[in-house]
Amino acid sequence: MDLYAENILAHYRAPQNKGDLQEASITHTEANHACGDELTVQMNIENGRIAEIAWQGAGCAISQAGMSMLSEEVRGMTLEKAGALGQKDVYDLLGIPVGPRRFKCALLCLHTLKNTLNVYRKIPVQGWLKTVEIDEE
Amino acid sequence: MALDVQAVRRQFSVFAGKDAPLYFDSAATAQTPDAVIEAMDEYYRTYCANVHRGMHALTERATLRYEEARKTVGAFINAKYPREIVFTKNCTESINLVARAWGEQNLQAGDTVLLSPLEHHSNIVPWLQLKERRNIAVEWMEMDDAGRLKMESLKKILGKGKVKLVAITGQSNVLGVRPDLQKIIRMAHDAGARTLVDAAQLIAHHPVDVQALGCDFLAFSGHKLYGPTGIGVLYGKRDLLEEMPPFLGGGMMIHEVKTDRFSPGEPPQKFEAGTPPIAQAIGLAAAIEWMKQFPWKDIETYERSLIQKALTLLGKVEGLTILGPKDADAVSCCISFVADGVHPHDLTDILGQQQIALRGGHHCTQPLHERLNVPATTRLSIGMYNTAEELETLKVEMQKALDLLR
Ligand SMILES: Cc1ncc(COP(=O)(O)O)c(C=O)c1O
């Protein structure tokens, strides 16, 4: 299967939820320094749910399409459920096999989402190893 | 006589057959001619043994070949003595050796190491580490947008009287420009500073003569010179190497070891602790011997024609900006560019699926990318085996990839 499948390119060319919220209760930025990709997520949380989400970013098609898809997925989701999303969920959304060269591109959206929620809960941001589910022990 | 590129290509197994890659990443690692592989193969199959250890015939043969390799490398860069050649594992280790051994002995708080914005991380980080440990200053020359270094800035910083070392690349691995080494080395020496040349890129594209340059240290890797990975070279002037303390400790580098002390041996062994990269040294010498069948003039003329062609073709692609000079006489080996709205990793990934190898990213030169104000670039780099037809194919496929992404 092709990394640049039509659904990826469609999201890349016409990203969903890309923009700024009028007013946001949390804003958080993460980057992948190896390639310069960057994502900033803004959210409003109401009644334990992600009521509004918007994002800004720059980078490769995989990282930007991933954020676009994930933002659609989590809008309206409970914090509990959003916090439990893992890398497999993101790969399922993308629907493409992601190899070792590009997994960080694909997972930047998850990393940014997780840490936005961590900041909201006032707990420390997590490192990449945790996001990519590599057990340090 | 013009370079016969088909004759060159026939000497590389990787280019045999119709599925051969279009390899435009020689600035990262060059492909290896069969002669180099065969020389290392012969070592492993017929005289594999350690060097400078033991008396048997195999170790004697291995030692002779290893020391012959040192002579071959020395002659290649016109070092005065073979003992001025230290084998390391790569260019990066060579520079670290100087930073550790020479730097820790000769630099104190307040002394300055002067760099150019063109440097690769391997000629930046060892000096920043020394800054952390010794509180030295790291200063930077200025350059214009085309990658030309501003000599006034060099003069000004040298004039402050604090510079102890000027460490500079011989050829940029991003813009392909070559600083005026002769002039910079002379100015540095006039100001009482030592000089280190990072020749990682220059070494495969232009003859290097350390005596004519007058540099104190020069570093490069085997794998960008059509040789194997796992071997690097440090050239150092004999008296400097003699005065420097050892780098790593272990076997080979000692004169005498007691239970409570040791005394180091003589250079170059002083800097070659442990079993060295024996097969790789033999392979590097084979690469240098292999290159001798092609006169430098032919290589340079041919590679210049490829760069000219690449500049012309890339210049025709819409929404593509070439960084650095657009003049083939000012660019060697590589061209870096940005494509509007397309990330280098997407472009190089798609081209990679067509067996076309280009590199995308910051190429281990983050300060340079910051100076040029671009997060990442796509780099096309050539070796003496690339052809004009390959460049034509690249242009067509690149246009398709860009159309897909835009
Ligand atoms: C200019 C320059 N210096 C140093 C290096 C480091 O070489 P190595 O990774 O073989 O140590 C490179 C390789 O990319 C380079 O291009």
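Here is what the cut-offs are and how they apply
- Residues numbered from 1 in each chain as written.
- Chains lettered and ligands numbered in written order.
- Predicted model: local features only at pLDDT ≥ 70, side-chain atom pairs only at ≥ 80, totals over all residues.
- Helix = DSSP H or I, 4+ residues; strand = E, 2+ residues; numbered from the N terminus.
- Rg over C-alpha atoms; globule rule 2.2 N^0.38 Å.
- Buried ≥ 20, exposed ≤ 12 C-beta atoms within 10 Å, placed from the backbone.
- Domains from an automatic or database assignment.
- Contact = placed C-beta atoms within 7 Å.
- Nonpolar A, V, L, I, M, F, W, Y, C, P; charged D, E, K, R; others polar.
- Near = placed C-beta within 6 Å.
- Right-handed = clockwise from strand over helix to strand, strands pointing away.
- Pairing = 2+ DSSP bridges.
- Axes fitted to C-alpha atoms, helices over the stretch in contact; angles between N-to-C directions.
- Arc of directions from axis to C-beta.
- Parallel < 35°, antiparallel > 145°, perpendicular 65-115°, else oblique.
- Left-handed = near helix turned anticlockwise from the far one by under 90°.
- Core = buried A, V, L, I, M, F, W, Y, C linked by C-beta atoms within 7 Å.

1. Side note on the overall build of chain A
- When you go through chain A residue by residue, the secondary structure sums to six helices and three strands.
- Starting at the N terminus and ending at the C terminus, chain A contains elements arranged as α-β-β-β-α-α-α-α-α.
- In terms of C-alpha radius of gyration, chain A reaches 14 Å, essentially the compact-globule figure of 14 Å for 137 residues.
- Projected onto its principal axes, the C-alpha coordinates of chain A cover approximately 40 × 40 × 25 Å.
- Relative to its 137 residues, chain A shows a buried fraction of 38%.

2. Focus on the domain arrangement of chain B
All names here are of chain B.
- Here the domain parsing of chain B yields domain 1 (5–31 + 295–405) and domain 2 (37–291).
- With centres defined by C-alpha atoms, the gap from domain 1 to domain 2 works out at 28 Å.
- If you look at the interface, domain 1 gives 24 residues, while domain 2 gives 25 residues.
- Taken together, the elements giving at least two residues each to the side of domain 1 that touches domain 2 come down to α11 (296–315), β12 (334–339), α13 (366–372) and β15 (377–381).
- Partitioned by chemical class, the residues of the side of domain 1 that touches domain 2 number 13 nonpolar, seven polar and four charged.

3. Remarks on the site of the ligand
- The environment of the ligand is formed by 13 residues, the closest being N90(B), T92(B), N173(B), A200(B) and S221(B).
- A class-by-class count of the residues in the shell around the ligand yields three nonpolar, nine polar and one charged.

4. Describing the pairing of strand β3 (residues 112–115) of chain B
Residues and elements named next belong to chain B.
- Side chains of β3 alternate between two faces, with T112 and L114 and V113 and L115 buried alike.
- Of the crossover connections in this fold, the one passing from β3 over helix α5 (residues 125–134) to the parallel strand β4 (residues 137–140) is right-handed.
- Strand direction decides the pairing type here: β3 and strand β5 (residues 163–169), joined by four bridges, are parallel. Across the sheet, L114 pairs through a bridge with V166, a residue of β5.

5. Some words on the interface of chain B and chain A
- Contact residues are listed per partner, giving 10 residues for chain B and nine residues for chain A.
- For the side of chain B that touches chain A, the elements supplying multiple residues, two or more each, are α12 (344–353) and α14 (388–405) of chain B.
- Take the side of chain B that touches chain A: its biggest share by element is four residues, from α12(B).
- Split by residue class, the side of chain B that touches chain A holds five nonpolar, three polar and two charged.

6. What to know about the sheet that holds strand β2 (residues 37–46) of chain A
Residue and element names in this part refer to chain A.
- An order of β1-β2-β3 is seen for the three strands of this open sheet, with the pairing classed as antiparallel. Of all the strands in the sheet, just β1 (26–32) and β3 (49–58) have a single pairing partner and so form its edges. Going from strand to strand, the sheet's axes swing by 20° on average, the running direction of each strand aside.
- This element, helix α2 (residues 61–74), spans β2 and β3 of the sheet and lies at about 170° to β3.
- Contacting β1 and β2, helix α5 (residues 103–120) crosses the sheet at an angle of about 150° to β1.

7. Overview of helix α1 (residues 6–13) of chain A
Residues and elements named next belong to chain A.
- For α1, the complete set of buried residues consists of I8, H11 and Y12. Buried residues along α1 cover an arc of 100° about the axis, so they all sit on one side.
- Of the surrounding elements, those touching the buried residues of α1 are α2 and α4 (87–94).

8. Examining the sheet that holds strand β8 (residues 232–236) of chain B
All names here are of chain B.
- In space, the seven strands of this open sheet follow the order β2-β8-β7-β6-β5-β3-β4, with mixed pairing throughout. Single-partner strands in this sheet number two, and they are β2 (85–88) and β4. For this sheet, the mean inter-axis angle between neighbouring strands, taken without regard to orientation, is 20°.
- The sheet contact formed by β5 and strand β6 (residues 194–198) spans five bridges and is parallel. Each bridged residue has a counterpart across the sheet, and for I168 the counterpart in β6 is V197.

9. Focus: the packing of helix α4 (residues 91–106) of chain B against α5(B)
Residues and elements named next belong to chain B.
- Direction vectors running N to C along α4 and α5 enclose 30°, while the axes themselves pass 9 Å from each other. With respect to α5, the element α4 is oriented roughly parallel. Like other packed secondary-structure pairs, α4 and α5 cross with a definite hand, here right-handed. Every residue of α5 that contacts α4 at I95, N96, A99, G103 and E104 is listed here: P126, W127, Q129, L130 and R134.
- Its residues placed into classes, the contact of α4 with α5 shows five nonpolar, three polar and two charged.

10. Quick look at the nonpolar core
Residues and elements named next belong to chain B.
- Formed by 82 residues in total, the largest nonpolar core has its most connected members in A219 and I282.
- A total of nine residues in this core trace back to one element, the largest contributor, which is helix α10 (residues 278–291).
- A219 has contacts with C91, S94, I95, L196, D198, A199, G232, V233 and L234, leaving out every residue within four places of it along the chain.
- If you look at the next biggest cluster of nonpolar residues, it comprises 40 residues, including L22, Y302, L347 and L351.

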